[in-house]
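Notes for the structure review
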Amino acid sequence: MNRYTARTGTLEGVMILVGILFLFPIYILVNLSIRPLDDLSSPLVPTTNPTFDNFVNAWNQAGLGGALINSAIITVVSVALIVLLSSSAAYALARATARWSTVSFYGFMIGLLIPFQLGLIPLYKTMSQLGLLGSLLPLIIIYVGLRLPFSIFLFVQFLRQIPLDYEEAASLDGAGVFQTFFRVVLPLVRPVTGTVIILNGLFTWNDFLTPLLYLSGSGNQTIPVAIYTFVGEYATQWQLVFAALIIGALPVLIAFFFIQKSLIQGLASGVKG
Amino acid sequence: MQNNPSAQAATGLTRPPRARARRGSRYWPFILPAVVFYVFVVLVPGIQGAGFSFTDWDGLNPSFSFVGIDNYIRLAGDPQAVRAVLNTLGLAVVATVLENLIGLLLALALNGRLKSRHILRVVFFAPVVILTIVIAFLWQYIYTPDGPLNSVLRGIGLDGLAQNWLGDPKIALWSIAAIVIWQFSGYSMIIFLAGLQSVPAEQLEAASLDGAGPFARFWYVVRPLLAPAITVNLMLSLIRGFMVFDQIWVTTQGGPAQSTDSLSTLVYRNAFQYGELGYSAAIAVVLTVFVAVFGIVQYRYVLRSGVAK
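Residues numbered from 1 in each chain as written. Chains lettered and ligands numbered in written order. Predicted model: local features only at pLDDT ≥ 70, side-chain atom pairs only at ≥ 80, totals over all residues.

This part takes up the overall build of chain A. The number of helices and strands found in chain A is 13 helices and 0 strands. For chain A, the α and β elements follow one another from N to C terminus as α-α-α-α-α-α-α-α-α-α-α-α-α. Rg of the C-alpha trace for chain A: 23 Å, well past the compact-globule value of 19 Å for 273 residues, more than 25% over. Over its C-alpha atoms, taken along the principal directions, chain A stretches across nearly 75 × 65 × 30 Å. The buried share of chain A, reckoned over its 273 residues, is 47%. (Helix = DSSP H or I, 4+ residues; strand = E, 2+ residues; numbered from the N terminus. Rg over C-alpha atoms; globule rule 2.2 N^0.38 Å. Buried ≥ 20, exposed ≤ 12 C-beta atoms within 10 Å, placed from the backbone.)

Below is the structure:
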């Protein structure tokens, strides 16, 4: 199957063309972001005198520094908790044979079908009664609760394919359940852990509606909210806006370039029948 | 919470061989923290939300009264809500079908021998990792009447195709659907690519030696093996499609003339702009029913077809 024929060559040409067309919006984004504010030529024409001023101005005016730190804290803490709680819950759900384990598994899976909007208002009310509005804490709590079902699903699917031999060997050697979990199971599920980290990291970093609600009126903001506010104020200066958009997108894009291989492999283990 | 000791004991007695030392009581500390977060964030607010849909609560006033199914009756007779229901269904179905079709074609093309396959995979997946609101603002600009898209169309002599993409109530919703499809086709592609890793090359080769054309090869060899990937993909895009919010809120806020309102934007507007918490909750319940019904139906259907062939 490894012949590179004329047909393969044609397909390659077509796909490269499709790829270039696909990147058209990104070209516009980058092209405008490096353009001086007084350059009013068509956005399709490549910028002749590129500048990085827009990035500096956007960074300072949008307060992106503080927003980046907030987004990073929220993402790192939420994802760490999600990985720990969902892998341990999945371990219990995949290994315990008692009836509560099946019932709890379906209980969690119901969560996949409940849209966040249903609980949006009651939860907001509860958080405000607890005096948590404006801080980062409710966001972390919400992301953990919200993302557990999907993460548990991925871990359980994977754990069910792993033979019990390793764990039995560990328990014969006298390891307790906790030791077995941390020393044997966690290393075994590493491929899915990667997927869970990436998908939840993306979700948490990207989420716009929750911080918009919970941080509004406070000095705190996350990257999406900072960008939303900034665009509202500078809507006509697209060059500045696009520079801010690139700053917001860059951290994840860079991370993605380094991990794309393991992401595909990790997802592969999640969808094997 | 589901910890019924007698049920546990019964299970332990009826299944001795596999149950050696895994009756389950040792495992509950592992699941407890997850249950606490899940119950606090998803289950309790969800049930409360469903409860509020039977009240006239405005969100501020501590007192409110039960109004039965009044909110649902109002919803059925509210053209704006009916429009939002149709928009949500249309957006979810169109986005799901096209995302998966495009994602599948991309995956099939980039699974093979192309020299540029690695870089092209990154290219098509890239929108997934860009902030949704960045993508929404970018496309809002691309769609402006004198913006890049219309410039290109006019430049290649297709003036007739140039539109007021977000300003024309007839097409605004589909312009937004195009954003969602552009954003997430790469996500389908990655999951299909992952699924294709389990299709053995020898099997494809054998089929091809038997004289099977590309379509027959796909239908009889690849498709059955892709069943898990198809299930996951359809589920993910449907749920995403039903809940689209950012892309609409940033580009049109539901306009022009409410033509792009979805159930998500309607929930948000009624709750946080109009102070109609009870009504907003009823809309959220309708959204939940849609997601649940579509989710379960498609899951069972795909499962059955995957097993049958």
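Moving on, we come to the overall build of chain B. Along chain B, the regular secondary structure elements total 13 helices and 0 strands. Contacts spanning at least 24 positions in sequence make up 70% of the contacts within chain B whose residues lie at least 6 apart. (Contact = placed C-beta atoms within 7 Å.)

Take the domain arrangement of chain A next. Residues and elements named next belong to chain A. Each assigned domain of chain A is listed with its residue range as follows: domain 1 (6-51) and domain 2 (57-271). The C-alpha centroid of domain 2 is placed 33 Å from the C-alpha centroid of domain 1. In this complex, domain 1 contributes 5 residues to the contact, which on the side of domain 2 involves 7 residues. Looking at the side of domain 1 that touches domain 2, its residues break down into 3 nonpolar, 1 polar and 1 charged. (Domains from an automatic or database assignment. Nonpolar A, V, L, I, M, F, W, Y, C, P; charged D, E, K, R; others polar.)

By secondary structure assignment, the location of Phe178 of chain A is in helix α9 (residues 177-188). Distance from Phe178 of chain A to Ser128 of chain A, taken between C-alpha atoms, is 36 Å for residues 50 residues apart in sequence.

Listed per partner, the contact involves 86 residues of chain B and 78 residues of chain A. Ranked by residue count, the leading element in the side of chain B that touches chain A is helix α2 (residues 28-52) of chain B, at 16 residues. In terms of residue class, the side of chain B that touches chain A is built from 57 nonpolar, 20 polar and 9 charged.

This part covers the packing of helix α8 (residues 172-196) of chain B against helix α10 (residues 214-242) of chain B. All names here are of chain B. Relative to each other, α8 and α10 sit at 160°, their axes nearing to 8 Å. With respect to their mutual orientation, α8 and α10 come out roughly antiparallel. Crossing geometry of α8 relative to α10 is assigned as right-handed. Packed against α8, whose contacting residues are Phe184, Ser188, Ile191, Phe192, Ala194 and Gly195, the element α10 presents Leu226, Pro228, Ala229, Val232, Asn233, Ser237 and Arg240 at the interface. Each residue belonging to the contact of α8 with α10 can be placed in one class, and the counts come to 8 nonpolar, 4 polar and 1 charged. (Axes fitted to C-alpha atoms, helices over the stretch in contact; angles between N-to-C directions. Parallel < 35°, antiparallel > 145°, perpendicular 65-115°, else oblique. Left-handed = near helix turned anticlockwise from the far one by under 90°.)

The subject of this paragraph is the packing of helix α7 (residues 137-161) of chain A against helix α10 (residues 190-206) of chain A. Residue and element names in this part refer to chain A. Interhelical geometry of α7 versus α10 gives an angle of 155° and a closest axis separation of 10 Å. Comparing their axes, α10 and α7 come out roughly antiparallel. The chirality of how α7 crosses α10 is right-handed. Together, Tyr143, Arg147, Ser151, Leu154, Phe155 and Phe158 of α7 and Val192, Thr195, Val196, Asn200, Phe203 and Thr204 of α10 make up the contact between the two elements. Here the contact of α7 with α10 is composed, by residue class, of 7 nonpolar, 4 polar and 1 charged.

Ile227, Ala244 and Leu245 of chain A together with Ile283 of chain B are the most contacted members of the largest nonpolar core, which totals 172 residues. A total of 16 residues in this core trace back to one element, the largest contributor, which is α8 of chain B. Two domains share this core, each providing at least three of its residues, namely domain 1 (6-51) and domain 2 (57-271) of chain A. The contact partners of Ile283 of chain B, leaving out residues within four places of it in the chain, are Leu75, Ala81, Leu263, Leu266, Val267 and Asn270 of chain B. (Core = buried A, V, L, I, M, F, W, Y, C linked by C-beta atoms within 7 Å.)

A word on the environment of Ala249 of chain A. Counting through the fold element by element, Ala249 of chain A comes out in helix α13 (residues 238-271). Judged by local crowding, Ala249 of chain A falls into the buried class, with 25 C-beta atoms found within 10 Å.

Now for unusual backbone geometry. Residues and elements named next belong to chain B. Geometrically, the link from Gly255 to Pro256 is a cis peptide bond, its omega value of -10° lying close to zero. Structurally, the position occupied by Pro256 is in the loop between α11 (246-251) and α12 (263-272). Positive phi, close to 55°, is recorded for Ala257, a residue that is not glycine. Positionally, Ala257 belongs in the loop between α11 and α12. Ala257 sits in the exposed class, given 10 other C-beta atoms within 10 Å. The phi torsion at Gln258 lies on the positive side, around 60°, for a residue other than glycine. With respect to the element layout, Gln258 can be found in the loop between α11 and α12.

Let's shift gears to helix α6 (residues 116-129) of chain A. Residues and elements named next belong to chain A. With 14 residues, α6 should cover 20 Å at 1.5 Å per step; its first-to-last C-alpha distance of 20 Å lies within 8% of that length. The principal kink in α6, of about 30°, is found at Pro122. α6 sits mainly inside the fold: 10 of its 14 residues count as buried. Two residues or fewer past α6, Gly131 is found with a positive phi of approximately 70°. (Expected span 1.5 Å × (residues − 1). Bend = angle between axes of the 7 residues up to and from the residue.)

Residue and element names in this part refer to chain B. Summarising the model, chain B shows a mean pLDDT of 83, and 89% of its residues fall at 70 or more. The least confident element of chain B is helix α1 (residues 5-14), whose mean pLDDT is 40; the most confident is helix α4 (residues 79-110), at 93. Here residues 1-21 scores under 50 on pLDDT; set against residues more than four positions off or in separate chains, the count is 22 contacts. (pLDDT = per-residue confidence, 0-100.)

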